Amino acid sequence: MLDLHRLRLLRELKHRGTLAAVAEALSYSPSSISQQLSVLEREAGVRLLEPVGRRVRLTAQAEILVAHTEAVLERLERAEADLAASLEGLTGVLRVAAFQTAALALVPDALTRLRAAHPRLRIEITQREPESALPALLARDFDLVLTEEYPGEPGPRPAGVEYKELGEDEIRLALPADGAGAGDGGLRKAAGVPWVLEPPGTASRHWATRLCREAGFEPDVRFESTDLLLHLRLVEHGHAAALLPGLVWAGQQPTVPVVRLPARQRTRRLFTASRRGGGGHPAVRAFRTALGRGFADRNPRIGG
């Protein structure tokens, strides 16, 4: 009979890519991981790994085993959720990854609500951008991930992940205090202003570049950072224009002139994501509920 522990190691290799990454994540040595997978090959009676340069990749037969392992683990997720639901009170650990503005504007309030309602539940928060958080969710580094989608940039949705929409967050162009164009329809006036954007390869950068090009100009990007608070500081000090979501203000009024974007381009959608089968866990449901209430109370859209 196939050993579930060794099957999980094979699955980890698929998601993490290298034996060294699996070993680091699970606190094993690479040689121990390799030995366990060799035993699994003997159990299965087929070759599971093949060398590609200095790395290895899964064979077609290994992919079949991983697919079945995913189904087994999903069933175990549901079993854990049912077991937790049968108990009085929430206990254990919930591991959450949240991108920066959600971590700043929404997570503290959610933690306060949950501390009062479920004091025995331990919640661990890691700030992580969705591009790396979603693969880590599948690798079981997290139980819940806060993620986002920009207008016209839905991005891939990995198989095995369940999404629940949290709400919409309006994005506006933020200009230096002396920048012309504040109010409606001023995006084109930012053509001659230095910009700060997130790095290439991120969904927000692709969206922002497309937005500027549709307005008829190429943004003069002089600063790059994933830190939206740095974006805000550069705008406040008159060094750049930026596209800032409502959550960055954390419920306060904007400190710089802001410009509304075209109707179909002005909101990003926020989601929580869990592994398939794990969304029914009482701790996941409780955190989602707390986030939703805080989001509704804050109403992060900037009016006007």
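Residues numbered from 1 in each chain as written. Predicted model: local features only at pLDDT ≥ 70, side-chain atom pairs only at ≥ 80, totals over all residues. Heavy atoms only, no water.

Many structure descriptions define interface size as the accessible area lost when the parts assemble. According to the domain assignment, the protein consists of domain 1 (4-83) and domain 2 (92-303). Between domain 1 and domain 2, the C-alpha centre-to-centre distance is 34 Å. Every contact between the two is made by 11 residues of domain 1 and, on the other side, 12 residues of domain 2. Regarding the contact of domain 1 and domain 2, the summed buried area is about 990 Å², with carbon and sulfur atoms giving 43% of it. Taken as a group, Arg16, Glu77 and Ala81 account for 45% of the area that domain 1 buries against domain 2, more than any other trio of residues on that side. Where domain 1 meets domain 2, there are 3 salt bridges. Here Glu77 ties to Arg275 by a salt bridge, and the two come within 2.4 Å at their closest N and O atoms. The tally of links from domain 1 across to domain 2 stands at 5 residue pairs in polar contact (both at pLDDT 80 or more). The set of elements that each furnish at least two residues to the side of domain 1 that touches domain 2 consists of helix H1 (4-16) and helix H4 (60-85). (Domains from an automatic or database assignment. Contact = heavy atoms within 4.5 Å. Buried area = accessible area lost by both parts, 1.4 Å probe. Salt bridge = Lys/Arg side-chain N within 4 Å of Asp/Glu carboxyl O. Polar contact = N/O pair within 3.5 Å; in protein donor to acceptor, adjacent residues only side chain to side chain. Helix = DSSP H or I, 4+ residues; strand = E, 2+ residues; numbered from the N terminus.)

What follows is about the nonpolar core. Within the largest apolar cluster, 25 residues are counted, with the highest numbers of intra-cluster contacts made by Leu106, Leu146, Phe287 and Leu291. Counting residues per element, this core draws most heavily on helix H10 (residues 282-298), at 7 residues. Grouped together as the second largest cluster of nonpolar side chains are 19 residues, Trp207, Leu211, Ala241 and Val259 included. (Core = buried A, V, L, I, M, F, W, Y, C linked by side-chain atoms within 4.5 Å. Buried < 20%, exposed > 50% of the residue type's maximum accessible area, 1.4 Å probe, protein only.)

Where helix H2 (residues 19-26) contacts helix H3 (residues 30-44), the two axes come as close as 8 Å, and the packing angle between them is 105°. Relative to H3, the element H2 lies roughly perpendicular. Contact residues: Leu19, Ala20, Val22 and Ala23 in H2; Pro30, Ile33, Ser34 and Leu37 in H3. Tallied by class, residues from the contact of H2 with H3 come to 7 nonpolar, 1 polar and no charged. (Axes fitted to C-alpha atoms, helices over the stretch in contact; angles between N-to-C directions. Parallel < 35°, antiparallel > 145°, perpendicular 65-115°, else oblique. Nonpolar A, V, L, I, M, F, W, Y, C, P; charged D, E, K, R; others polar.)

By the secondary structure assignment, Thr209 is in helix H8 (residues 203-214). For Thr209, a relative accessible area of 13% puts it in the buried group. Side-chain polar atoms of Thr209 contact the backbone oxygen of Arg205, separated by 2.9 Å.

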